[in-house]
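The residues making up each chain are set out below.
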Amino acid sequence: LVFLNAKLMSGIETVLNLTDFDNLIKDVDLVVTGEGKADGQSCHGKVMQGIGKHCEKMGIPAIALVGCIDEGADNIINYGIRSLNASVASPITLEEALGNAKANYMNAARRMFRMISMIYWILIHILIIVSIMRPFMMSQKLIRLSLYLL
């Protein structure tokens, strides 16, 4: 490395830099990433860790859809991945999981995006309620202030 004046970089960092990833996601609200098996190694220079770190740096939430979740996978939250979602809904063999991978991932993606849609719906309705209630809450504060001043 010294003779070539080179710099050692992780593979995912190289890919993210070459693809101008930060510029690609600057206007998005959510990033979905994933890998086959989330485990303790997912936190050591792999795709989810790299994407999570870049998203966290930019203040963009990132979630992951993975084939399975194994020991140590939850540590990925320390690298900007807010949620892990497994493609299998019940215990199955590896052969069954691989044989039905496309259907498993499609079903898991549907479940995940239905949840996101529900959360979005709830937040919108909370904002509507707060905006409707704000004048009432303000008038209550004025009444309390008036009574205090009397």
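Cut-off values and rules
Think of each chain on its own: its residues are numbered from 1, step by step along the sequence as written. Two thresholds apply to this predicted model, a pLDDT of at least 70 for residue-level local features and 80 or more for giving and counting side-chain atom pairs, whereas whole-chain, interface and lining totals are computed over all residues. Side-chain numbers come from the whole structure's heavy atoms, not from hydrogens or water. To qualify as a helix, a DSSP run of H or I must reach at least 4 residues; to qualify as a strand, a run of E must reach at least 2; elements of each kind are numbered from the N terminus. A 1.4 Å probe rolled over the protein chains alone gives each residue an accessible area, and that area as a share of the maximum for its type sets the label: buried under 20%, exposed over 50%, partly exposed in between. Pairs of residues are marked as contacts when any of their non-hydrogen atoms sit within 4.5 Å. Working definition of accessibility: Shrake-Rupley area with a 1.4 Å probe, residue cover restricted to the visible protein chains. Expected helix span is computed as 1.5 Å times (number of residues minus one). To define a nonpolar core, start from buried Ala, Val, Leu, Ile, Met, Phe, Trp, Tyr and Cys residues and group those joined through side-chain atoms within 4.5 Å. A residue's pLDDT is simply how confident the predictor is in it, with values from 0 to 100. Between Lys or Arg on one side and Asp or Glu on the other, a salt bridge is scored when a side-chain nitrogen of the former is within 4 Å of a carboxyl oxygen of the latter.

## A word on the overall build of the protein chain
Across its full length, the protein chain carries 5 helices and 5 strands. The secondary structure elements of the protein chain, listed N-terminal to C-terminal, are α-α-β-β-α-β-β-β-α-α. Here the protein chain, with 150 residues, has 24% of them falling under the buried criterion. Looking at the protein chain alone, contacts between residues at least 24 apart form 60% of all its contacts between residues at least 6 apart. Just so you have it, the protein chain exposes about 10900 Å², and 64% of that area is on carbon and sulfur atoms.

## Structural notes on helix α3 (residues 47-58)
Taking 1.5 Å as the rise per residue, α3 with 12 residues should run 16 Å; its terminal C-alpha atoms sit 17 Å apart, in good agreement. Met48, Gln49, Gly50, Ile51, Gly52, His54 and Cys55 are the residues of α3 that are buried. Taken together, the buried residues of α3 touch α1 (11-18), α2 (21-25), β1 (31-33), β2 (37-38), β3 (62-66) and β5 (81-86). One or two residues past the end of α3 sits Gly59, with phi positive at roughly 75 degrees.

## What about the nonpolar core?
Counting residues in hydrophobic clusters, the biggest one holds 18 residues, and the most contacted among them are Val31, Met48, Cys55, Ile81 and Leu84. When contributions to this core are tallied by element, the ones reaching two or more residues are α1, α2, α3, β3 and β5. Those residues within four positions of Leu84 in sequence are excluded, and the remaining contacts are Ala38, Met48, Ala64, Val66, Ile69, Ala73, Asp74 and Ile76. Ile63, Leu65, Ala108 and Ala109 belong to the second largest nonpolar core, which has 5 residues in total.

## Observations concerning the confidence of the model for the protein chain
When pLDDT is averaged along the protein chain, the result is 85, and 87% of the positions lie at 70 or above. The element-level mean pLDDT for the protein chain is lowest in helix α5 (residues 101-149), coming to 77, with α2 highest at 95.

## Description of the environment of Gly72
Within the secondary structure layout, Gly72 lies in the loop between β4 (68-69) and β5. Residues Gly72 and Ala38 lie 34 residues apart in sequence; the distance between their C-alpha atoms is 8.1 Å. Those residues within four positions of Gly72 in sequence are excluded, and the remaining contacts are Asp39, Gly40 and Cys43.

## A look at the pattern of salt bridges
Per the counting criterion, the structure on display carries 2 salt bridges. In this structure, Lys57 and Asp22 form a salt bridge, with 2.9 Å as the shortest nitrogen-oxygen distance. Within this pair, whereas Lys57 is found in helix α3, its partner Asp22 is found in helix α2, the two being separated by 35 residues in sequence. The class for Asp22 is partly exposed, based on a relative accessible area of 22%. The shortest N-O distance in the salt bridge between Asp70 and Lys37 comes to 3.1 Å. Remark: Lys37 occurs in strand β2 and Asp70 occurs in the loop between β4 and β5; sequence separation between them is 33 residues. For Lys37, a relative accessible area of 39% puts it in the partly exposed group.

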